[in-house]
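An overview of the molecular structure
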Amino acid sequence: LGRSVTKVGVLVTIHAAMVAILSVPLTIWTKRVPRKQLLLITLVTFGLSSLLVAGAPNFAVVAVGRALGGVSHALFFAIALGYPARLLRPRDLGKGLSITTAGMSLGFILGVPLATALGVAVGWRWSFATVGVLALVLCALVAKVLPAVPNPIPKTKAARSPGALGAFTAVQTVNFLIFLGQYTVYTYISPILSAAGASTELIAPLLLVFGGMGVIGLFAVGTQIDVRPRRALFVTLAGFIAGLLLLHLSGSSLWATIASASVWCIAFGAAPVFFSTASMRTGAMSPDLSGAWINSTANIGIALGAVIGARVIEGFNIDAVSLAGAAIFAVCAIVVVFAKKGFPSH
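Report follows, based on the coordinates. (Residues numbered from 1 in each chain as written. Predicted model: local features only at pLDDT ≥ 70, side-chain atom pairs only at ≥ 80, totals over all residues. Heavy atoms only, no water.)

1. A look at the state of the cysteines
Throughout the structure, instances matching the rule amount to zero disulfides. Cys265 carries a free sulfur, and the closest cysteine sulfur to it, the one in Cys332, is 16 Å from it. Judged by relative accessible area, Cys265 falls into the buried class, the value being 6%. (Disulfide = S-S within 2.5 Å. Buried < 20%, exposed > 50% of the residue type's maximum accessible area, 1.4 Å probe, protein only.)

2. Some details on empty space enclosed by the protein
With the rule as written, the count across this model stands at two cavities of 30 Å³ or more. Of the voids in this model, the largest cavity is the one considered here, and its volume is about 110 Å³. Around the largest cavity sit 13 residues that line it, and Met104, Phe108, Phe179, Ile294 and Ala298 are the ones nearest its centre. For the lining of the largest cavity, the elements supplying multiple residues, two or more each, are helix H3 (59–87), helix H4 (93–122), helix H6 (164–186), helix H10 (254–281) and helix H11 (287–315). (1 Å grid on protein atoms, 1.4 Å probe; cavity = no way out; pocket = protein on both sides within 12 Å on 5 of 7 lines; lining within 4 Å. Points joined across faces, edges and corners; volume = space filled by probe spheres on them. Helix = DSSP H or I, 4+ residues; strand = E, 2+ residues; numbered from the N terminus.)

3. Looking at the packing of helix H9 (residues 229–250) against helix H12 (residues 320–338)
A packed helix pair is summarised by two numbers, namely the angle formed by the two axes and the spacing between the axes. Two elements in contact, H9 and H12, have axes separated by 8 Å at closest approach and are oriented at 160 degrees. With respect to their mutual orientation, H9 and H12 come out roughly antiparallel. Handedness of the crossing formed by H9 with H12: left-handed. Residues Arg230, Leu233, Phe234, Leu237, Phe240, Ile241, Leu244, Leu245, Leu247 and His248 of H9 form the contact with H12, whose own contacting residues are Ser322, Leu323, Gly325, Ala326, Phe329, Ala330, Cys332, Ala333, Val336 and Val337. (Axes fitted to C-alpha atoms, helices over the stretch in contact; angles between N-to-C directions. Parallel < 35°, antiparallel > 145°, perpendicular 65-115°, else oblique. Left-handed = near helix turned anticlockwise from the far one by under 90°. Contact = heavy atoms within 4.5 Å.)

4. A few points about the packing of aromatic side chains
What the rule picks out here adds up to eleven aromatic pairs. Ring centres of Phe179 and Tyr183 lie 6.5 Å apart, and the angle between their planes is 10 degrees; this geometry places the pair in the stacked category. Here Phe179 pairs with Tyr183, and both are found in helix H6, just four residues apart, close to one helical turn. Of the two residues, Phe179 and Tyr183, neither departs from the other in class, the shared state being buried. Ring centres 4.0 Å apart and planes at 10 degrees place the aromatic pair Phe240 and Phe329 in the stacked group. With a gap of 89 residues between them, Phe240 in helix H9 and Phe329 in helix H12 connect regions that are remote in the sequence. (Phe/Tyr/Trp six-rings, centres within 6.5 Å; stacked < 30°, edge-to-face > 60°.)

5. Let's talk about the packing of H10 against H11
For the pair H10 and H11, the least separation of the axes is 9 Å and the interaxial angle reads 140 degrees. Considered as vectors, H10 and H11 are oriented oblique to each other. Remark: the crossing between H10 and H11 carries right-handed chirality. Counting all contacts with H10, which are made through Phe275, Ser276, Ser279 and Met280, the residues of H11 involved are Pro287, Ser290, Gly291 and Ile294. Classifying every residue of the contact of H10 with H11 by side-chain character gives four nonpolar, four polar and no charged. (Nonpolar A, V, L, I, M, F, W, Y, C, P; charged D, E, K, R; others polar.)

6. A few points about helix H2 (residues 35–54)
For H2, which comprises 20 residues, the first-to-last C-alpha distance of 29 Å matches the rise-based estimate of 28 Å (1.5 Å per residue) to within 8%. Here H2 has its buried residues at Arg35, Lys36, Leu38, Leu39, Thr42, Leu43, Gly47, Ser49, Ser50, Val53 and Ala54. (Expected span 1.5 Å × (residues − 1).)

7. Remarks on the pattern of salt bridges
Applying the stated rule across the entire model yields three salt bridges. For Asp288, the salt bridge identified is with Arg86, shortest N-O distance 2.9 Å. A residue pair is termed long-range when its members are at least 10 positions apart, and Asp288 in helix H11 and Arg86 in helix H3 qualify at 202 residues. Take Asp288 and Arg86: they sit in the same class, and that class is buried. Between Glu314 and Arg311 there is a salt bridge, and its shortest N-O distance comes to 3.5 Å. (Salt bridge = Lys/Arg side-chain N within 4 Å of Asp/Glu carboxyl O.)

8. Focus on the environment of His346
Locating His346 in the fold gives a position in the segment after H12. The exposed category is assigned to His346, whose relative accessible area is 75%. Separated by 181 residues in the primary sequence, His346 and Leu165 have C-alpha atoms spaced 19 Å apart. When sequence neighbours within four positions are dropped, the list of residues in contact with His346 reads Val227 and Pro229.

9. A look at a nonpolar patch on the surface
On the surface, Val44, Leu48, Leu51, Val133, Leu136, Val137, Leu138, Leu141 and Val145 cluster together into a nonpolar patch covering about 710 Å² of accessible area. Of all the elements in the fold, those that place two or more residues in the nonpolar patch are H2 and helix H5 (124–145). Among the elements that take part in the nonpolar patch, H5 stands out by supplying six residues, more than any other. With respect to the helices and strands, the residue Val44 is situated in helix H2. (Patch = residues over 30% accessible without salt bridge, like charges linked within 9 Å, V, L, I, M, F, W, Y side chains within 5 Å. Areas by Shrake-Rupley, 256 points an atom, 1.4 Å probe, with all protein chains shown as cover.)

10. Here's the deal with the nonpolar core
Ranked by internal contacts, the top residues of the largest apolar core, which has 69 residues, are Ile178, Phe210, Phe240, Trp264, Phe275 and Phe343. Counting residues per element, this core draws most heavily on H10, at 14 residues. Setting aside residues up to four positions removed in sequence, Phe210 forms contacts with Ile189, Leu193, Ile258, Ala261, Ser262 and Cys265. Listed in part, the 13 residues of the second largest apolar core include Leu22, Leu38, Leu39 and Val149. (Core = buried A, V, L, I, M, F, W, Y, C linked by side-chain atoms within 4.5 Å.)

11. Observations concerning the side chain of Thr257
For Thr257, the location among the structural elements is in helix H10. When its relative accessible area of 2% is taken as the criterion, Thr257 is described as buried. Reaching out from Thr257, the side chain makes a polar contact with the backbone oxygen of Ser253 at a distance of 2.9 Å. Filtering out sequence-adjacent residues up to four positions away, Thr257 remains in contact with Leu193, Ala196, Leu247, Ser250 and Gly251. (Polar contact = N/O pair within 3.5 Å; in protein donor to acceptor, adjacent residues only side chain to side chain.)

In structure tokens, the structure reads:
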């Protein structure tokens, strides 16, 4: 579309800003709408928004399409995270929520490399068209196989426990900082790889490798999140910081860049499961609202991260974004140290 890398990065901010602003209000406003019906509406809207981007004649229409996609995304994740609580018996909720958040994590991890590979092969418009069609196909599958669920959720004992709201706030704060640090750097992963010597054709396969590293992190944390969640979170934060510091030191060495980015991406694969689970475990509010806040704070981080990354690149250089990301993750670790109720040892 004839725009610079940093200008195109604004599209990430537009989409994420819509999610950040609207997740909680839309969840509250639609609380009486049947959950399955609402889920179908979000999928149709997201599919149509992607098709709008695919056929957009100019940058302005692309921005409108991304904003519309952000509106549907704002509601989708709140419903998706709350659905297991309505669908399953209480004794199965932990397992069900783990499966749901694993699906979300795999989407984060694999979405960028797969869409990038498709974009390199046939063009970015076909990437959006494919996503749009898949969303509509998924809508048909949901209509056919997903059971309807009741709207009301009974209050639990955890919801009345003292300190629940403070713990919930701490979880949301760290969730925001994680995505802020991640997208300060990852929004610009393609130019980072290019600066290290990767060809255009090599970038998509490398992103797929990084996605695979994220899957490793996802499954590794799955064995620890119910046993030693606090220790596992600190190990994950150490992986973020170490990977980004090594990335900064990699310079023009492509192999060193790949190795350090792999460490960083293993850590990110683990991250989303931590915060979705920790948020609901506080019992501070209903599953839908808990999911909405996780969605909102994550996307505030994504929106601001894309902006911060752009400013760092413009003010310094592409190498500086990894240091900025590492500094943000160090702040995360400090918050977790003091947030013991939000991130308990067991």
